[in-house]
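Coordinate analysis (summary)
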Amino acid sequence: MSDQQQQQSGQPQQRGFEALKQHVLLHKIDSALWASRVLTIIFAIGYVIPIFGNATSSYYKVLMANAATSALRLHQRMPPFQLSRAYLQQLLLEDSCHYLLYSLIFLYVSFPVLLIIFPVALFAVLHSASYSLTLLDTLGQNSWWGARLLISLVEFQTRNILRLAAFAEIFIMPLAVVLLFMGKAAIMTPLVYYQFLVLRYSSRRNPYTRNVFYELRLATENFANGARTPEPIRKILQSSISIVSRLAPPMQQQQQ
């Protein structure tokens, strides 16, 4: 019997490890998503603090765990596969598809950089928090109060976490170009990453990348138009704003 059925029938819900086991069996995909996100966090910590030995190995495991999360989420949200243009368009609208592409881009870059796994780890923390609370509720109301406090802090900082992830997505673009000139990435890496940024900019569910682009443009324009800004720097900044604005998707595409 599911939790909802038990509530409707008026029966008290079971608590404890047996109830947790039943919950996991009833919600296999949600539980697998939670596990893959927790692994993403653990491997990210293992890259920063090499507690598992090889930090580089942990770095690529972060990307692989994120790819698994994105694939599971797509399986959950998308209808059965169809070889059609409409299906492809629907697929590209999904944020999970964007981050599956993200993982595939950087799995083939031979130079680990913390900034690359930063947005992945942030999303893993954010999306695992709410389901962690569900699992703790299944164990019992008073279980793991310390974890509940951390989850509350994460949920309170949701907006800031999403903005940080958006900033990271944007600044990884020049990083991809630098990696190309260093010989650590293929010529396709910045080109495909640009397409990833276009998808993030046009996202229906997450407007933070688009909003951060707008905030950065305003800040750059204010600095360029400042009285103390040297003329050469002003021209460079204005040219950069013009180039980035031309590369942005048209408004009609955003609305779709």
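Residues numbered from 1 in each chain as written. Predicted model: local features only at pLDDT ≥ 70, side-chain atom pairs only at ≥ 80, totals over all residues. Heavy atoms only, no water.

With that settled, consider the overall build of the protein. The secondary structure content of the protein amounts to 13 helices and 0 strands. Counting from the amino terminus, the protein carries its helices and strands in the arrangement α-α-α-α-α-α-α-α-α-α-α-α-α. By principal-axis analysis of the C-alpha atoms, the protein measures approximately 75 × 45 × 40 Å. Here the protein holds 256 residues, and 37% of them are scored as buried. A separation threshold of at least 6 residues defines the contact pool for the protein, and within that pool the share at least 24 residues apart is 67%. Summed over its atoms, the accessible surface of the protein is roughly 15,300 Å², and 64% of this surface lies on carbon and sulfur atoms. Seen as two clouds, the 21 positive and the 11 negative side-chain charges of the protein have centres 7 Å apart. (Helix = DSSP H or I, 4+ residues; strand = E, 2+ residues; numbered from the N terminus. Buried < 20%, exposed > 50% of the residue type's maximum accessible area, 1.4 Å probe, protein only. Contact = heavy atoms within 4.5 Å. Areas by Shrake-Rupley, 256 points an atom, 1.4 Å probe, with all protein chains shown as cover. Lys, Arg positive; Asp, Glu negative; His and termini not counted. Charge placed at Lys NZ, Arg CZ, Asp CG, Glu CD.)

Our next topic: the confidence of the model for the protein. The pLDDT averaged across the protein works out to 86; a share of 91% of its residues lies at or above 70. Segment residues 252–256 is flagged for pLDDT under 50; beyond a separation of four residues in sequence, or across chains, it makes 7 contacts in the model. (pLDDT = per-residue confidence, 0-100.)

The next thing to look at is the nonpolar core. Core analysis: the biggest nonpolar cluster contains 40 residues, and Tyr102, Phe106, Ile116 and Tyr193 have the highest contact counts within it. Where this core is concerned, the elements lending two or more residues are helix H3 (28–48), helix H4 (55–77), helix H6 (95–107), helix H7 (114–139), helix H8 (145–156), helix H9 (158–182), helix H10 (188–201) and helix H11 (208–224). Discounting residues that sit within four places of it in the chain, Tyr102 has contacts with Leu63, Leu115, Ile116, Ile117, Pro119, Val120, Ile172, Tyr193 and Phe196. (Core = buried A, V, L, I, M, F, W, Y, C linked by side-chain atoms within 4.5 Å.)

With that out of the way, let us pick up the pattern of salt bridges. This model, assessed by the stated rule, comprises 6 salt bridges. Residue Arg200 is joined to Asp95 by a salt bridge in which the shortest nitrogen-to-oxygen separation is 3.5 Å. Pair noted here: Arg200 is in helix H10 and Asp95 is in helix H6, with a separation of 105 residues, a long-range link. Each of the two residues, Arg200 as well as Asp95, counts as buried. Residue Glu221 pairs with Arg217 through a salt bridge whose shortest N-O separation is 3.1 Å. One end of the pair is Glu221 and the other is Arg217, both in helix H11 and 4 residues apart, which spans about a single turn. The exposure class assigned to Glu221 is partly exposed, which follows from its relative accessible area of 25%. The structure contains a network of salt bridges with shared partners spanning Asp95, Glu169 and Arg200. (Salt bridge = Lys/Arg side-chain N within 4 Å of Asp/Glu carboxyl O.)

The next subject is the side chain of Thr209. Along the polypeptide, Thr209 turns up in helix H11. With relative accessibility at 1%, the residue Thr209 sits in the buried group. In this structure the side chain of Thr209 is engaged in a polar contact, spanning 2.5 Å, whose partner is the side chain of Glu169. Every residue in contact with Thr209, bar those within four places of it in the chain, is listed here: Ala166, Glu169, Ile170, Arg200 and Tyr201. (Polar contact = N/O pair within 3.5 Å; in protein donor to acceptor, adjacent residues only side chain to side chain.)

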